[in-house]
Amino acid sequence: TRAFGLVLLSHGYYTLASHQRILDSTAIAFSVAPFHFELSPVHLPLARNILLFSGLLIFAGCFARIGLLLSFAAIAYSLLLDRSLYNNHHYLLAELCMLLAVCDGSVLRWRWRWSRAAPRAPRWQFHAVQALVLTPYFYGGLAKLNPDWLFRHEPVASWAPAMLQTLDDACGGALDAALPNEFDVITPFATFVSWGGLLFDLLVPFLLVGPSPTLRYGVAFPAALGFHACNRLWFGGLGVFPALCVVALVLFVPERTHRAAPPPARRRPLLVAAAVAVSALHGLLPLRHLLLPEA
């Protein structure tokens, strides 16, 4: 949770600052359905300051639950300002803030300082946070199951020259020196990145939650670290998403370190119903485009 506070601080310091610059130069804002009204960006600096303050609270362990609720409000406000600034990673941040704020656990009690006891929460809450973190991976893989990505390797093929140049610069020119001038590296590179990204997105969620420690730590963890390092190198516009996903790997260490606690028997039917409802929402909502008529 401390590391998540640092991620929120970074989001407020960098991402919301860039949103402010974009909105300052924008004449028309597009409202976000179903909120068909225009919010004024005049309060975005205040929202940014609130997010910075709440990120500090979470990092320091001072009233972390309040900090998470304030963070949710600040990020939600920034998301509703203009749908042209849409980024599903920002929605993930907002949802994580709300989900963590309503979870049980001594680490989030309404107190001034962190508890020294290990976090204790019902197992279903722990799995709910895991599932939310894994959602962008799996549905990102489903989104890649189309002819453009699989066979034409677009848009990676269009981005490949710039990506290779960035990689070569990071390697100090070693890549360009190692390849012969007549060798066409664009096509195999675009093929590798396209299919590699697809397989990573579809498989890594199952490897992270699977029963095999060898696959989790020997394959999934290194693959995730490499994947997000490349994202940070090539797609700086992803903001804090690579850092968030690297931090979230701690959720997939052995559960005994989290001291999961069973919920009271009288609350189980309600909790099961809530878990099913939230799971159905997150499982079906990303597929809503299948219900829309083709243009």
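Shown above is the structure to which this text applies.
Starting afresh in each chain, residues are numbered from 1 along the sequence in its written order. Restriction of local features to residues with pLDDT of at least 70 applies here, the model being predicted, together with a cutoff of 80 or more for giving and counting side-chain atom pairs; totals for whole chains, interfaces and linings are based on all residues. Neither water nor hydrogens contribute to the side-chain values; these are computed over all heavy atoms in the structure.

**Comments concerning the overall build of the chain**
A run of DSSP states H or I qualifies as a helix once it reaches four residues; a run of E qualifies as a strand once it reaches two. Both are numbered from the N-terminal end. Check the secondary structure of the chain and you find twelve helices and zero strands. Taking the contacts inside the chain whose residues are at least 6 apart along the sequence as the reference set, 77% of them involve residues at least 24 apart. With an accessible surface of roughly 16,900 Å², the chain has 68% of that area assigned to carbon and sulfur atoms. Here a residue-residue contact requires only that any non-hydrogen atoms of the pair lie within 4.5 Å. Only the protein chains shown count as cover for residues, and all accessible areas are computed by the Shrake-Rupley method using a 1.4 Å probe.

**A word on unusual backbone geometry**
Looking along the chain, the bond that leaves Glu154 and enters Pro155 is cis, with omega of 10°. Positioned with a positive phi, Phe63 is a non-glycine residue whose angle comes to about 50°. You can see Phe63 is positioned in the loop between helix 2 (44–60) and helix 3 (64–80). Per-residue accessibility, obtained with a 1.4 Å probe over protein chains only, is compared with the maximum for each type, and a residue is labelled buried under 20%, exposed over 50%, and partly exposed between these values. By relative accessible area, which is 30% here, Phe63 ends up partly exposed.

**Focus on the pattern of salt bridges**
Any two side chains of opposite charge can pair, given that their charged atoms come close. Only one rule defines a salt bridge in this text: a Lys or Arg side-chain nitrogen within 4 Å of an Asp or Glu carboxyl oxygen. Tallied over the full model, the rule gives two salt bridges. Here Asp201 ties to Lys144 by a salt bridge, and the two come within 2.6 Å at their closest N and O atoms. Here Asp201 is found in helix 9 (residues 186–209), whereas its partner Lys144 is found in the loop between helix 5 (123–143) and helix 6 (147–150), with 57 residues between them in sequence. Lys144 matches Asp201 in its accessibility class, with the two residues each being buried. Between Arg152 and Asp148 there is a salt bridge; the shortest N-O distance is 2.6 Å. Under the relative-accessibility criterion, Asp148 is labelled partly exposed at 37%.

**As for the packing of helix 9 against helix 10 (residues 213–234)**
It is the contact of helix 9 with helix 10, at a shortest axis distance of 10 Å, that shows an interaxial angle of 135°. When the axis of helix 9 is compared with that of helix 10, the two are oblique. Between helix 9 and helix 10 the crossing geometry is left-handed. Residues Phe189, Gly197, Phe200, Asp201, Val204, Leu207 and Leu208 of helix 9 touch helix 10, and the partners they reach there are Leu215, Arg216, Val219, Ala220, Phe221, Ala223, Ala224, Phe227 and Trp234. Note that Gly is not counted as nonpolar here; it falls among the polar residues with everything else outside the nonpolar set of Ala, Val, Leu, Ile, Met, Phe, Trp, Tyr, Cys and Pro and the charged set of Asp, Glu, Lys and Arg. Residues that form the contact of helix 9 with helix 10 fall into these classes: 13 nonpolar, one polar and two charged. Working convention: axes come from line fits to C-alpha atoms, limited for helices to the stretch in contact. Angles between N-to-C directions cover 0 to 180 degrees. Oblique is the label for any angle not under 35 degrees, not over 145, and not in the 65 to 115 range, which are roughly parallel, roughly antiparallel and roughly perpendicular in turn. For a crossing to be left-handed, the near helix must be turned anticlockwise from the far one by less than a right angle; the clockwise case is right-handed.

**Focus: the nonpolar core**
Core analysis: the largest hydrophobic core is formed by 45 residues, its most contacted members being Phe4, Leu8, Ile75, Leu93, Leu96 and Leu208. The contact partners of Leu93, leaving out residues within four places of it in the chain, are Phe4, Val7, Leu8, His11, Ile75, Val240 and Leu244. Residues Leu150, Val156, Ala160 and Leu164 belong to the second largest nonpolar core, which totals twelve residues. Nonpolar core, defined: a set of buried Ala, Val, Leu, Ile, Met, Phe, Trp, Tyr and Cys residues in which side-chain atoms within 4.5 Å join the residues together.

**Here's the deal with helix 11 (residues 241–248)**
When helix 11 is considered as a whole, its buried residues turn out to be Phe241, Pro242, Leu244, Cys245 and Ala248. All buried residues of helix 11 fall inside an arc of 160° around its axis, so they share one side. The secondary structure elements touched by the buried residues of helix 11 are helix 1 (2–24), helix 4 (88–102), helix 5 and helix 10. The arc in question is formed by the directions pointing from the helix axis toward the C-beta atoms.

**Comments concerning the packing of helix 7 (residues 156–170) against helix 9**
Packed helices, taken two at a time, are described by the angle their axes make and the gap between the axes. Axis separation between helix 7 and helix 9 bottoms out at 9 Å; the angle between their running directions is 110°. Between helix 7 and helix 9, the angle is such that the two are roughly perpendicular. From helix 7, Val156, Ala157, Ala160, Pro161, Met163 and Leu164 reach across to helix 9, where they touch Ile186, Phe189, Ala190, Val193 and Ser194. Taken together, the residues of the contact of helix 7 with helix 9 break down into ten nonpolar, one polar and no charged.

**Description of a nonpolar patch on the surface**
Residues forming no salt bridge and having over 30% relative accessible area are the ones grouped into patches, like charges within 9 Å of each other and nonpolar side chains (Val, Leu, Ile, Met, Phe, Trp, Tyr) within 5 Å. Side chains of Phe151, Trp195, Leu199 and Leu203 sit close together on the surface and give an oily, nonpolar patch of about 430 Å² of accessible area. Judged by its relative accessible area of 61%, Phe151 falls in the exposed class.

The values reported here are purely geometric and, on their own, carry no functional implication.
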